[in-house]
Amino acid sequence: MKPVPPATSLRRAPVQRRSAERLTRILDACADLLDEVGYDDLSTRAVAQRAGVPIGSVYRFFGNKRQMADALAQRNLERYSERVTERLANARRGNWRAAMDAVLDEYLAMKRTAPGFSLVDFGNQIPVGSRQSEPNHRVADRLTDLLADYLGRTPDEDLRRTFLVAVETADALVQLAFRVAPEGDPKVIEETRELLRAYLGRVLD
């Protein structure tokens, strides 16, 4: 079962397993409908029908579709973190190039395959959340916490700034790659990889 978003994104956190499974179905339905109809035409009623739950079950967790999209974005980030962690488990500790490849490759894989990800990803495409939780800051903070020990670095403000610059740069270039080609233009992606290697090499070598 996919991770349940943190309770802070929900009106009410699921307590029982059945409730958690219902929340998962709701978010899965939300993701599928985002691909089919887009965010503007998304509705809580349609999500309830797709998930096979009463409309009241949706409102038990979410006040509106914006909160639902934010919860989906948080779930995407949790899943992304898991995928990066799994990749790094088999890599040599301290190898920042392997870490960078895992970070970029797993993002590209989710962008190509995860339902709803092209619209929501970690919150970049839809104005969800507050200015204090801007998506790229959220991703950069997560990567700093995830990678600091692996790289043998202190998760201080310098490292957080480094990862924020890398995330902002990669985000802009990956969006460009997917505007150029539906599956992401391979030449733009390779240029992105080289740019990140050059920048991170100056900081991490």
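As a starting point, this report considers the structure included with it. (Residues numbered from 1 in each chain as written. Predicted model: local features only at pLDDT ≥ 70, side-chain atom pairs only at ≥ 80, totals over all residues. Heavy atoms only, no water.)

**Examining the overall build of the protein chain**
Where we set the bar: Here a helix means four or more residues in a row that DSSP labels H or I, a strand means two or more in a row labelled E, and each is numbered from the N terminus. Using a 1.4 Å probe on the protein chains alone, a residue whose accessible area is under 20% of its type maximum counts as buried, one over 50% counts as exposed, and one in between counts as partly exposed. Contacts were defined at the residue level, with two residues in contact if any of their heavy atoms lie within 4.5 Å. Only the protein chains shown count as covering a residue, and every accessible area follows the Shrake-Rupley method with a 1.4 Å probe.
Tallying secondary structure elements over the protein chain gives 9 helices and 0 strands in all. Along the protein chain, helices (α) and strands (β) appear in the sequence α-α-α-α-α-α-α-α-α when read from the amino end. A total of 205 residues make up the protein chain; the buried ones form 49% of that total. Pairs at least 24 apart in sequence give 66% of the contacts found in the protein chain among residues at least 6 apart. Roughly 10600 Å² of accessible area belongs to the protein chain as shown, and the carbon and sulfur atoms make up 48% of that amount.

**Digging into the packing of helix α1 (residues 17-37) against helix α2 (residues 44-51)**
When two helices pack together, their arrangement is given by the angle between their axes and by how far apart the axes lie. The cut-off we apply is this: Here an axis means a line fitted to C-alpha atoms, over the contact stretch when the element is a helix, while the angle between two N-to-C directions is reported on a 0 to 180 degree scale. If you view the pair so one helix is near and one far, a crossing is left-handed when the near helix is turned anticlockwise from the far one by less than a right angle, and right-handed when it is turned clockwise. Under the grouping applied here, Gly and all other residues not named as nonpolar or charged are polar, the nonpolar ones being Ala, Val, Leu, Ile, Met, Phe, Trp, Tyr, Cys and Pro and the charged ones Asp, Glu, Lys and Arg.
Close contact between α1 and α2 brings their axes to 8 Å; oriented N to C, the two are set at 115 degrees. Between α1 and α2 lies a crossing whose hand is right-handed. Along its contact with α1, which presents Arg-25, Ile-26, Ala-29, Cys-30, Asp-32, Leu-33 and Glu-36, the element α2 presents Ala-46, Val-47, Arg-50 and Ala-51. The class makeup of the residues in the contact of α1 with α2 is 7 nonpolar, no polar and 4 charged.

**Overview of the side chain of Asn-136**
Definition in use: Nitrogen and oxygen atoms within 3.5 Å of one another constitute a polar contact, given that in protein one can donate a hydrogen and the other can accept it, and given that sequence-neighbouring residues count only through two side-chain atoms.
In this fold, Asn-136 is placed in helix α7 (residues 135-151). On the basis of relative accessibility, which here comes to 7%, the residue Asn-136 falls in the buried class. Of the polar contacts made by the side chain of Asn-136, one reaches the side chain of Asp-171; its length is 3.3 Å.

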